[in-house]
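# Notes for the structure review
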Amino acid sequence: MRLKLPIICFILEIILIILFGAIVQYNDETDARQWHSNNHSDYENDFYYRYPSFQDVHVMIFIGFGFLMTFLQRYGFSSVGFNFLIAAFALQWATLMQGFFHGLHGGKIHIGVESMINADFCTGSVLISFGAVLGKTSPVQLLVMAMFEVTLFAVNEFILLTLLGTKDAGGSMTIHTFGAYFGLMVTRILYRPNLHKSQDKNSSVYHSDLFAMIGTIYLWMFWPSFNSAITAHGDDQHRTALNTYYSLAACTLATYGMSALTAHDGKLDMVHIQNAALAGGVAAGTAGEMMLTPCGSMIVGFLAGIISVLGYKYLSPILENKLKIQDTCGVHNLHGMPGVLGAIVGAVTAAVATTDVYGKGMDDVFPKVASGEFDATYQGGVQAISLGVTLGIALLGGLIVGFILKLPIFGAPPDTICFEDSIYWEVPGEEAAHDSPMTVVSPEEAKQLNPEAV
Amino acid sequence: MRLKLPIICFILEIILIILFGAIVQYNDETDARQWHSNNHSDYENDFYYRYPSFQDVHVMIFIGFGFLMTFLQRYGFSSVGFNFLIAAFALQWATLMQGFFHGLHGGKIHIGVESMINADFCTGSVLISFGAVLGKTSPVQLLVMAMFEVTLFAVNEFILLTLLGTKDAGGSMTIHTFGAYFGLMVTRILYRPNLHKSQDKNSSVYHSDLFAMIGTIYLWMFWPSFNSAITAHGDDQHRTALNTYYSLAACTLATYGMSALTAHDGKLDMVHIQNAALAGGVAAGTAGEMMLTPCGSMIVGFLAGIISVLGYKYLSPILENKLKIQDTCGVHNLHGMPGVLGAIVGAVTAAVATTDVYGKGMDDVFPKVASGEFDATYQGGVQAISLGVTLGIALLGGLIVGFILKLPIFGAPPDTICFEDSIYWEVPGEEAAHDSPMTVVSPEEAKQLNPEAV
Amino acid sequence: MRLKLPIICFILEIILIILFGAIVQYNDETDARQWHSNNHSDYENDFYYRYPSFQDVHVMIFIGFGFLMTFLQRYGFSSVGFNFLIAAFALQWATLMQGFFHGLHGGKIHIGVESMINADFCTGSVLISFGAVLGKTSPVQLLVMAMFEVTLFAVNEFILLTLLGTKDAGGSMTIHTFGAYFGLMVTRILYRPNLHKSQDKNSSVYHSDLFAMIGTIYLWMFWPSFNSAITAHGDDQHRTALNTYYSLAACTLATYGMSALTAHDGKLDMVHIQNAALAGGVAAGTAGEMMLTPCGSMIVGFLAGIISVLGYKYLSPILENKLKIQDTCGVHNLHGMPGVLGAIVGAVTAAVATTDVYGKGMDDVFPKVASGEFDATYQGGVQAISLGVTLGIALLGGLIVGFILKLPIFGAPPDTICFEDSIYWEVPGEEAAHDSPMTVVSPEEAKQLNPEAV
């Protein structure tokens, strides 16, 4: 790794800098001349209406995803550290790819807070795939995966949002379904028959589960900001945040109930709490901005929690043993199935939209229905088709990228030292050098072991 | 727990979903039709003026309270995990209870960001009570307690804010005093004479104290947002945040000084730092929105810090030994006494309010004084009476709920395994499986090692 | 410490309360009478346009700096705890010092959210210096250092921003360069030839590095808010946040590349990741608000990351061995050199500013250039001079304050117990009292225990 990682980091960053220099500009709200050439109050700058949401999303990407994956006992440095590295790369690359597809202005990409949010969203999709291959890939492989996945994400997003006119503000399809099935296919291609040799490290310890809860809680708290970050201003952002808030709350009760019901002798399983409790946010990603009603949001969250726990308990073992899909974080249960559920809920909710319910607000939520280009049922159909398109691109893309990642040059870790930081990091010891009030062996234990000894 | 927890989770959530379906609607700012039927700019939506405060409060509820309680060496999963569960339930139930008492619109409860903040506030009160019984109650008991406490909270809040016309934006009375004394009475009723059998687990370890500091610091940082979250717009929110900021800063210096002064051989005690440093936020809960002046805020915070440390040092042992109140987190010192102090400060500050000081702003802070319905002295009296009402409802409610929680059906943990995660959670080991400077040897392995071997 | 710490805490806080009572008032946006005497909408209150940024900065100060320093294996309580104490003091003292220099209103200091941000900024500078002396100073010494440093910070800030007309919104000079070189000079004066006696504690353990990553990630995420917190409204805040976002992303790739390139057998070094990845934020502190362009920001961040890692790898050992500067956190690499780089970038960017690029926005970014008082080149010169002034005041101030801190009365810890919490804190054990699946026995201890026993 001495040379491979430095080379790819420097080459990628230098390419990014050159491309940014060539085609990226401030947009009208970040450019000093442009902003002041128009006649508006500084308070109308979109910064004030999107930036707080952006920062919440930013926390989910770097703290949420990063710490959620620290549950592994010996992979904390890599979980947070590689999450940090690939996210920092992906958000720059996503700015270019999305900017290119979202439309150029005289050959230039214009950026501001909204493009920053979209870049973070695209990054989130890459981090979901990272969860599927966690512990089994080198940082070089991850950067290569990110490069391809960001590109395919932008293509899929362009087809859905621009060509088809799909609505997916919170990304049940574009972010979660895409990221999950892309990652699952990649990990399938990278299948390791002898992974059991590292099995002892593929589990948590007490403190690592607490670190992971930091990630879980931050994802859970800020998900309302995530789903509402790029919806239309006014009631749309407000409603989306509210729907997501109740969907997550309902999902949490379902998760605890199902975990105690299914786990060994009725004890709660941290894996379920850390992951399934978030499924309600994923499932509200498409319909969250629609008139789903608080009750509808809660039903969606409740179902998502149940499906997710059942997935961890019964489906994951099948995927691993039968389909040879080694899904380290169980992204299929947290992002895959809940994402599909969210897409279906979105299609149904769109199909039943009426002017009676949306009034003039139809223009914000379903512009093509408001303009008469679509009727609601057609919009629902478009939503359903979009799910198929997303699954297709994700699976096909994952297939190709998976084989690319198999190239030996990218230096995958051997089966015997997966889920292990020390292969990539200078790792210090576990124990502090000090006389603590409690020696590692307590006086009592010592006495029992040998009175004379003490 | 295999059946009890799932049953109560599912029953409660299904009841919530049915009730939400029957009587909860979007308000004018979250409903697409309503919002667009009025003639205003999207930028006037209250989302932009309350949501950032809401998210700060949300972090205090789920990260702040959750991690503050992880100081126990073997109760981290339960501290964060049960905090998560009961908060997710309480915020849904609070939406109904508060919505009902805050006034229905044609038989319907209307919700938006302000109701979300109020729901989180009510949840905070439940989590304060949780701190008093921490480690000694099952999740089923906690959910039952939350159900009753939320209801009583809404009743007390209704009497104070609606019937009496009390001002208590930051909830020194409605949240902190109520939550603390309710919880203290509950733990009194649940008194365990043999709790000493779990005493070895009722303490912290080095890392658990660091996790707890995450909770402390987040509560401390976001308290200005907490106290200002639902005050009137403009100068009121601005002033409340500023007063709380200085109150907390002064409280912190008082806490460090008192901790070193009272603790064993002048060393600082983490219990004081983790808790007493927050008393300044509690004590500024009522008067924070008033013209308390920065200096006044600092005096309040300074006194709160001193009282709180003294409480931990001298009062808590008395409460436990004489009054049989086993207050795990010392909520009496962090929320009880500082809450009462805050109520008194609020009453005095209200009593001396003059138009000379408040100008037209009197309308926002003391509408009944501005309208001439009250004079300032009378407002002060109302504030004082409200403290009495709050204490009465909290203590009586805690008494009744305490006895309900004693019912064997709710499955309290035995005295010998309190403060212990393993009774409710699948708990992994403490040590990672790897070659650290210290190798890990299980008793079994140790047995296998013959003397020559070592 | 039994008496010294309490005495200084109480004396300082009482002085603060008296001074606040004498000369601090609410400003027009926090005073009920003033605000309502003017004719404007509550939504125009600056609270809504600065407070979210303030809270992000607040998190950086208390969580970011506090946890970044928890990397030491046995100094976590002190890192978070003393950071908490001196920050709580410094922000109050800074309110007075900055208020005094920023101009009095009829002999009074007027405060609001902007002064709160400035107070947090000044506090950040003190915490940078804290990083240089971390583990080698008593809390009493730290409070004394904070008192003097805040005062000198305010003087330097006054000379730059008010007298010279320098632009430094993100504080590359006023905060980072000043704090770093002040702290480096202090630690030079406090040089301990026998510090090696505590060397075994001057390192991290696995969990302490994960706690430190919490600090790193929060600083990284919120740096865009930090640099944009007090820039002009509208495009300026928006552009500053965007520039910082890309500068940090580029810096992160440079950091990972350089760390793998320079560290032992190509493994990543947590010290680099925790610190150097942040240099991009420091380096964008001055030019961030200018029309640096996204590409320019990325180049700056890229260079900052390279310089910072090289500093940790090659310069720090020289500073320690040759110049006797024991820089615990390597603030010279994270804040010192990147701060100087940021100042130079700012000077150059200012010197090439043209109306063609800035349009009417010139008025916000370079008011003196817009008004014709300066030409751009002159502004660039002023920026360069400001760097020299800052370095001079920081080094001279650090020299004097360093000697003051040497006074035995402030009770510095002995060389043998530096980097150790137990001298200031009641420290619990490392291990939980429970039957964990594995007890921990080191080979050495195992040897002592006789075989029959096990």
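Rules used in this analysis
Residues numbered from 1 in each chain as written. Chains lettered and ligands numbered in written order. Predicted model: local features only at pLDDT ≥ 70, side-chain atom pairs only at ≥ 80, totals over all residues. Heavy atoms only, no water. Least-squares fit on C-alpha atoms with pLDDT ≥ 70 in both. Contact = heavy atoms within 4.5 Å. Buried area = accessible area lost by both parts, 1.4 Å probe. Polar contact = N/O pair within 3.5 Å; in protein donor to acceptor, adjacent residues only side chain to side chain. Helix = DSSP H or I, 4+ residues; strand = E, 2+ residues; numbered from the N terminus. Nonpolar A, V, L, I, M, F, W, Y, C, P; charged D, E, K, R; others polar. Phe/Tyr/Trp six-rings, centres within 6.5 Å; stacked < 30°, edge-to-face > 60°. Buried < 20%, exposed > 50% of the residue type's maximum accessible area, 1.4 Å probe, protein only. Lys NZ or Arg CZ within 6 Å of the ring centre and 35° of its normal. Salt bridge = Lys/Arg side-chain N within 4 Å of Asp/Glu carboxyl O. Expected span 1.5 Å × (residues − 1). Bend = angle between axes of the 7 residues up to and from the residue. UniProt positions renumbered as here; feature names shortened; annotations may be inferred. Core = buried A, V, L, I, M, F, W, Y, C linked by side-chain atoms within 4.5 Å. pLDDT = per-residue confidence, 0-100. 1 Å grid on protein atoms, 1.4 Å probe; cavity = no way out; pocket = protein on both sides within 12 Å on 5 of 7 lines; lining within 4 Å. Points joined across faces, edges and corners; volume = space filled by probe spheres on them. Axes fitted to C-alpha atoms, helices over the stretch in contact; angles between N-to-C directions. Parallel < 35°, antiparallel > 145°, perpendicular 65-115°, else oblique. Left-handed = near helix turned anticlockwise from the far one by under 90°.

### Considerations on the relation of the copies chain C and chain B
Mapping chain C onto chain B leaves a residual RMSD of 0.0 Å; the transformation is a rotation of 120° accompanied by 0.0 Å of translation along its axis. The transformation just described matches what one would write down for a three-fold rotation axis.

### Focus: the interface of chain C and chain A
Counting from both sides, the interface comprises 89 residues of chain C and, opposite them, 86 residues of chain A. Between chain C and chain A the total buried area reaches about 7800 Å² when both faces are included, carbon and sulfur atoms providing 70% of it. When the area that chain C buries against chain A is broken down by residue, the three leading residues are Tyr206(C), His238(C) and Leu253(C), summing to 12%. Our count for the chain C to chain A interface comes out at 29 residue pairs in polar contact (both at pLDDT 80 or more). For the side of chain C that touches chain A, the secondary-structure elements that each account for two or more residues are helix H3 (47-68), helix H8 (206-228), helix H9 (235-262), helix H10 (270-275), helix H12 (294-321) and helix H14 (355-358) of chain C. With 20 residues, the top contributor of residues to the side of chain C that touches chain A is H9(C). Looking at the side of chain C that touches chain A residue by residue, the classes come out as 49 nonpolar, 21 polar and 19 charged.

### Quick word on the packing of aromatic side chains
Tallying each qualifying case throughout the model produces 93 aromatic pairs over all chains. When the centroid spacing of 5.9 Å and the interplanar angle of 90° are considered together, the rings of Phe302(B) and Phe10(C) count as edge-to-face. On the criterion of chain membership, the pair formed by Phe302(B) in helix H12 (residues 294-321) and Phe10(C) in helix H1 (residues 4-23) is interchain, its members lying in two chains. On the basis of relative accessibility, which here comes to 17%, the residue Phe10(C) falls in the buried class. Connected via pairs of aromatic rings, a cluster forms that spans Phe20(A), Tyr43(A), Phe47(A), Tyr48(A), Tyr51(A), Phe54(A), Tyr49(C), Tyr245(C) and Tyr246(C). Lying over the aromatic face of Tyr206(C), Arg74(A) brings its terminal NZ or CZ to 4.8 Å of the ring centre.

### Some remarks on the pattern of salt bridges
One pass over the full model with this rule turns up 30 salt bridges over all chains. For the salt bridge of Arg74(C) with Glu420(C), the shortest nitrogen-to-oxygen distance reads 3.6 Å. Of this pair, Arg74(C) sits in the loop between H3 and helix H4 (76-101) while Glu420(C) sits in the loop between helix H17 (376-405) and helix H18 (443-448), and the two are 346 residues apart along the sequence. Note on accessibility: Arg74(C) and Glu420(C) belong to one class, buried. One network of salt bridges, in which partners are shared, links Asp46(A), Arg50(A) and Glu114(A).

### So, H8(C)
Residues and elements named next belong to chain C. Here H8 is 23 residues long and its end C-alpha atoms lie 35 Å apart, about the 33 Å a rise of 1.5 Å per residue gives. By the largest-angle criterion, Phe222 marks the main kink of H8, which is about 50°, and a proline, Pro224, follows within four residues. Among the 23 residues of H8, 23 are classified as buried, and the element is accordingly described as predominantly covered.

### Things to note about the UniProt feature "domain: Ammonium transporter AmtB-like" (unreviewed entry) in chain A
The positions UniProt marks with the feature "domain: Ammonium transporter AmtB-like" (unreviewed entry) are residues 41-408 of chain A. Between the first and last C-alpha atoms of residues 41-408 of chain A the distance is 57 Å; the span itself is 72% helix and 1% strand.

### Some details on the interface of chain C and chain B
Contacts between chain C and chain B engage 91 residues on the former and 89 residues on the latter. Taken together, both faces of the contact between chain C and chain B bury some 7900 Å²; the carbon and sulfur share is 71%. Between the two partners, chain C and chain B, sit one salt bridge. Counting across the chain C and chain B interface gives 29 residue pairs in polar contact (both at pLDDT 80 or more). Residue assignment for the side of chain C that touches chain B shows that the elements contributing at least two residues are H1, strand S1 (24-26), helix H2 (32-37), H3, H4, helix H5 (113-133), H8 and H18 of chain C.

### Considerations on the nonpolar core
By size, the foremost hydrophobic cluster in this structure holds 473 residues, and its most contacted members are Ile214(A), Tyr218(A), Ile214(B), Tyr218(B), Ile214(C), Tyr218(C) and Trp425(C). Beyond its immediate chain neighbours, meaning those up to four positions away, Ile214(C) contacts Ile63(A), Phe67(A), Phe211(A), Ile214(A), Ile214(B), Ile63(C) and Phe67(C).

### Focus: the confidence of the model for chain A
Residue and element names in this part refer to chain A. Looking at chain A as a whole, the pLDDT averages 93, with 94% of positions reaching at least 70. Long-range and interchain partners of residues 435-454, a stretch whose pLDDT sits below 50, account for 25 contacts in this model, where long-range means more than four residues apart. Listed scores for the predicted complex are pTM 0.94 and ipTM 0.94.

### Overview of unusual backbone geometry
All names here are of chain A. One non-glycine residue, Lys324, adopts positive backbone phi at about 60°. Note that Lys324 resides in the loop between helix H12 (294-321) and helix H13 (331-351). Among the residues examined, Lys324 registers a relative accessible area of 36% and is labelled partly exposed.

### Section: empty space enclosed by the protein
Tallying each qualifying case throughout the model produces 10 cavities of 30 Å³ or more. If you add up the space inside the largest cavity, you get close to 250 Å³. For the lining of the largest cavity, the secondary structure elements donating two or more residues are helix H3 (47-68) and helix H8 (206-228) of chain A, helix H3 (47-68) and helix H8 (206-228) of chain B together with H3 and H8 of chain C. Residue composition of the lining of the largest cavity, by class: 15 nonpolar, three polar and three charged. What the second largest cavity holds in volume is close to 200 Å³. Breaking the lining of the second largest cavity down by element, the ones donating at least two residues are H3 of chain A, H3 of chain B together with H3 of chain C. It is H3(A) that provides the largest number of residues to the lining of the second largest cavity, a total of seven residues.

### What to know about the side chain of Thr349(A)
Looking at the element boundaries, Thr349(A) is found in helix H13. In this structure, Thr349(A) is in contact with Ala287(A), Met290(A), Leu292(A) and Tyr358(A), ignoring residues within four places of it in sequence.

### Some thoughts on the environment of Val382(C)
All names here are of chain C. If you trace the backbone, Val382 turns up in helix H17. Residue classification places Val382 among the buried residues on the basis of a relative accessible area of 7%. Along the chain, Val382 and Ile17 lie 365 residues apart, while their C-alpha atoms are 38 Å from each other. The contact partners of Val382, leaving out residues within four places of it in the chain, are Leu164, Gly165, Thr166 and Phe374.

### What about the environment of Asn275(A)?
Along the chain, Asn275(A) turns up in helix H10 (residues 270-275). Accessibility expressed as a relative area gives 8% for Asn275(A), which makes it buried.

### Structural notes on the side chain of Thr286(A)
All names here are of chain A. Looking at where Thr286 falls in the secondary structure, it is placed in the loop between helix H11 (279-283) and H12. A polar side-chain atom of Thr286 sits 2.7 Å from a polar atom in the side chain of Asp168. With residues up to four places along the chain from it excluded, the contact list for Thr286 reads Lys167, Asp168, Ser172, Met173, Gly342, Ala343, Gly346 and Gln383.

### Considering the packing of H3(A) against H3(C)
Where H3(A) contacts H3(C), the axes come no closer than 10 Å and their chain directions differ by 15°. Comparing the axis directions of H3(A) and H3(C) gives the class roughly parallel. Between H3(A) and H3(C) lies a crossing whose hand is left-handed. Contact with H3(A), carried on its side by Tyr48(A), Tyr49(A), Tyr51(A), Pro52(A) and Gln55(A), involves Tyr49(C), Pro52(C) and Asp56(C) of H3(C) and no other residues of that element.

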